[in-house]
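Observations on the three-dimensional arrangement
Okay, here's what each chain looks like letter by letter:
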Amino acid sequence: VEKLHNNKEQLRRQLQDKEREKQELQDNFFYVKGQLDKWQLRVAHDADGDGACKELERHNTTINNTIDERMRLAARLEHCLRDQEKEKVYHEQQVERLMQANARLHEEKDRTARDLQRLSKMYAESVAQLQS
């Protein structure tokens with residue numbers, strides 16, 4: 001009986017040791033599983049962070065490209081405006097020359113008209129003298 005009792009006690013201690021070992025393994029398992037879940041969340045978050053960084057980088061690239069295009073268009077516009085200003089000055093000079101030529105022609109026309117009137121008057125006077 002004593003032997004059976006000792007055997008029973010030994011089995012009970014082994015069972016308790018096994019229960020503690022089982023509990024320790026479960027605790028370790030839950031700890032490792034928790035750490036794995038945290039790591040997976042961090043990786044997923046970092047992937048989102050990388051996605052956000054890539055998105056931000058893409059937006060910055062778009063902004064830089066837009067700024068470059070704006071600068072090119074502004075330079076092109078400035079060049080076109082300078083060309084238009086040159087053409088405007090050229091045309092204004094042409095108009096000024098034409099107005100001066102027109103004024104000379106009007107003066108010449110008026111002078112010719114006065115000369116014609118003077119000559120007509122002289123001719124009329126000459127004819128009148130000849131008839132008298």
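Structural notes, computed from the coordinates. (Residues numbered from 1 in each chain as written. Predicted model: local features only at pLDDT ≥ 70, side-chain atom pairs only at ≥ 80, totals over all residues. Heavy atoms only, no water.)

Things to note about the overall build of the protein
- Each helix and strand in the protein was counted, giving 1 helix and 0 strands.
- Taken against the 2.2 N^0.38 rule, which gives 14 Å for 132 residues, the C-alpha radius of gyration of the protein at 56 Å runs more than 25% over that of a compact globule.
- Principal-axis analysis of the C-alpha atoms gives the protein an extent of 190 × 15 × 5 Å.
- Here the protein holds 132 residues, and the buried ones make up 0% of them.
- Accessible surface, the protein as shown: approximately 12,900 Å² in total, 57% of it carbon and sulfur.
- One finds the centroid of the 25 positive side-chain charges in the protein at a distance of 1 Å from the centroid of its 26 negative side-chain charges. (Helix = DSSP H or I, 4+ residues; strand = E, 2+ residues; numbered from the N terminus. Rg over C-alpha atoms; globule rule 2.2 N^0.38 Å. Buried < 20%, exposed > 50% of the residue type's maximum accessible area, 1.4 Å probe, protein only. Areas by Shrake-Rupley, 256 points an atom, 1.4 Å probe, with all protein chains shown as cover. Lys, Arg positive; Asp, Glu negative; His and termini not counted. Charge placed at Lys NZ, Arg CZ, Asp CG, Glu CD.)

Section: the pattern of salt bridges
- Per the stated rule, a full pass over the model turns up 5 salt bridges.
- The salt bridge partner of Arg 12 is Glu 9, with a shortest N-O separation of 2.6 Å. Here Glu 9 and Arg 12 lie together in helix α1 (residues 2–131), a separation of 3 residues that amounts to about one turn.
- Accessibility expressed as a relative area gives 39% for Arg 12, which makes it partly exposed. (Salt bridge = Lys/Arg side-chain N within 4 Å of Asp/Glu carboxyl O.)

Describing the environment of Val 127
- Tracing the backbone shows Val 127 in helix α1.
- Linking Val 127 and Arg 111, residues 16 residues apart in sequence, is a C-alpha distance of 24 Å.

Brief notes about a nonpolar patch on the surface
- The grouping of Leu 36, Trp 39 and Val 43 at the surface amounts to a nonpolar patch, some 280 Å² of accessible area in total.
- Assignment of secondary structure puts Val 43 in helix α1. (Patch = residues over 30% accessible without salt bridge, like charges linked within 9 Å, V, L, I, M, F, W, Y side chains within 5 Å.)

A few points about the environment of Glu 85
- The topology assignment puts Glu 85 in helix α1.
- C-alpha of Glu 85 to C-alpha of Leu 130: the two residues are 45 residues apart in sequence and 66 Å apart in space.

Some thoughts on the environment of Gln 131
- With respect to the helices, strands and loops of the structure, Gln 131 is situated in helix α1.
- A C-alpha to C-alpha distance of 142 Å links Gln 131 and Lys 33, two positions 98 residues apart in sequence.

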